[in-house]
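Structure at a glance
Residues per chain, in single letters:
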Amino acid sequence: GQDATKKLEQIVRIQRIGKSPNRGSDTWPIKAGLTDGSILALQKIDGKEKDWTIQLDDRMTQTRFAGELKYLKLKRLDAKGEEAWEAYGREEIKSDALIVVRPGGALDRVDGVVKEIRDGKVQFDVDGQIVEASFDRLAGVLWYRKALSAKPKGVSVNLSNGSTLVSQKIKLVDDSLQLAGSWGDSLIVPAQWLDAIDCGLDKLAWLSTLTPIESRSNNKGGFGDFDSLLAKTTKPRWVKGEGSNQDLLFSGPGEYMFRAPEGMTKLQ
């Protein structure tokens, strides 16, 4: 029942007790990845460059946002599509790109320049010709960005709508949570959206946030044509655990290979 003051250097994680109320639309949200490592779960987005109008929840008014986007993931994908999406995200690109869903579900990349996003469509320059691609036909959008010279500083704020924001300043004002970061002006969300604050960006890295170099099953097989399918379904993968946590599931013998971030010395 008493207030306690702690220095940020003493804290690794702040976890809120209890679950936040279920809010918003049942539709799968748009995932917007920023160059600073933040991920925004959105219902709507319009704009270009660092001048965006976003809507985080179907009950909220739209908000001005000046973040620099690295990608937009526009729909839920099956296991094969997810692998293809992650592979495209790891590739070094020399221009912006649309990830198109072909008939049958296969993904394909079209290079060009993103001009603007408006009303669920991407205006895209392909060799000087402007085309409009509907969100319905796309798995996502990739932007060409130069690699950051330094790892972003701050804390990682987990929100109950699925967003994870790298913030340099957090402030509680009445029933609102104000978050300031690389996007400039504060992003304001209801305080009840707060799930947790990870204060260990400079102290630790969560394995679940690292892109795996390889994840494969070591099952010996013996089922003929089914072996390749079983290898995909039994390879190590992340599953949702309690709260906002994720668990690395080995449903059979397998290997999960990743590169430890620079400066990290221990795996726990």
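Below or above, wherever it landed, is the structure these notes cover.

Criteria and cut-off values
- Residue positions within a chain follow its written sequence, with the count starting from 1.
- Reporting of local features is limited, given that this is a predicted model, to residues whose pLDDT is at least 70; pairs of side-chain atoms are given and counted only at 80 or more, and all residues count toward the totals for whole chains, interfaces and linings.
- The side-chain quantities take in all heavy atoms of the structure and omit both hydrogens and water.
- The helix and strand labels rest on DSSP assignments: H or I over at least four residues marks a helix, E over at least two residues marks a strand, and numbering proceeds from the N terminus.
- When we talk radius of gyration, it's over C-alpha atoms, and the globule rule is simply 2.2 Å times the number of residues to the 0.38.
- A simple rule labels every residue: compare its accessible area, found with a 1.4 Å probe on the protein chains alone, to the largest value its type can have, and call it buried under 20%, exposed over 50%, or partly exposed in between.
- Here, residues are in contact when the closest pair of their heavy atoms is within 4.5 Å.
- Computed by Shrake-Rupley with a 1.4 Å probe, the accessible areas treat only the displayed protein chains as cover when residues are assessed.
- The convention is simple: Lys and Arg are positive, Asp and Glu are negative, and His and the chain ends are not counted.
- Each charge is placed at NZ for Lys, CZ for Arg, CG for Asp and CD for Glu.
- Stacked, edge-to-face and tilted labels apply to pairs of Phe, Tyr and Trp rings (six-membered ring for Trp) whose centres lie within 6.5 Å, assigned for plane angles under 30 degrees, over 60, and everything in between, in that order.
- Each residue after the first adds 1.5 Å to the expected span of a helix.
- Working note: the arc is built from the helix axis to C-beta atom directions.
- Here, any two strands with at least 2 DSSP bridges between them count as paired.

**Details of the overall build of the protein chain**
Across its full length, the protein chain holds two helices and 21 strands. Computed over its C-alpha atoms, the radius of gyration of the protein chain comes to 20 Å, within 12% of the 18 Å expected for a compact globule of 268 residues. With the C-alpha coordinates aligned to their principal axes, the bounding extent of the protein chain is approximately 65 × 50 × 40 Å. Every one of the 268 residues in the protein chain was classed for burial, and the buried ones make up 35%. For the protein chain, the share of sequence-separated contacts (at least 6 apart) that also reach a separation of at least 24 residues comes to 53%. Accessible surface, the protein chain as shown: approximately 17100 Å² in total, 49% of it carbon and sulfur. Charged side chains in the protein chain number 40 positive and 38 negative. The centres of these two groups are separated by 3 Å.

**Some remarks on the packing of aromatic side chains**
One pass over the structure, following the stated rule, counts five aromatic pairs. Each ring, one from Trp 52 and one from Trp 143, has its centre 6.1 Å from the other, and the planes form 85°; the classification is edge-to-face. Taken together, the residues span a long stretch of sequence, with Trp 52 in strand 5 (residues 51–55) and Trp 143 in the loop between strand 12 (138–142) and strand 13 (155–159) at a distance of 91 residues. Each member of the pair Trp 52 and Trp 143 is classed as buried.

**Quick look at helix 1 (residues 79–90)**
With 12 residues, helix 1 should cover 16 Å at 1.5 Å per step; its first-to-last C-alpha distance of 17 Å lies within 8% of that length. For helix 1, the complete set of buried residues consists of Gly 81, Trp 85 and Tyr 88. Buried residues of helix 1, seen end-on, are gathered within an arc of 65° and therefore sit on one face of the element. Of the exposed residues in helix 1, those oriented more than 90 degrees away from the buried face are Ala 79 and Lys 80. At its buried positions, helix 1 is contacted by strand 7 (69–73), strand 8 (96–101), strand 9 (107–118) and strand 12.

**Description of the environment of Val 173**
If you trace the backbone, Val 173 turns up in strand 14 (residues 164–173). For the pair formed by Val 173 and Ile 188, sequence separation is 15 residues and the distance between their alpha carbons is 9.7 Å.

**Here we look at the pairing of strand 9**
Residues in a regular strand project their side chains so that they alternate between the two faces of the sheet. Sheet topology places strand 8 next to strand 9; six bridges connect them, and they run antiparallel. Paired with Ala 97 across the two strands is Asp 111, which belongs to strand 9. Connecting strand 8 to the antiparallel partner strand 9 that follows it, the hairpin turn spans five residues, and Gly 104 within it adopts a positive phi of roughly 100°. Judged from the five bridges that link them, strand 9 and strand 10 (residues 121–126) form a sheet pairing that is antiparallel. Along strand 10, the bridge assignment pairs Glu 116 with Gln 123. The turn linking strand 9 back onto strand 10 is made up of two residues, and Asp 119 within it adopts a positive phi angle of 55°.

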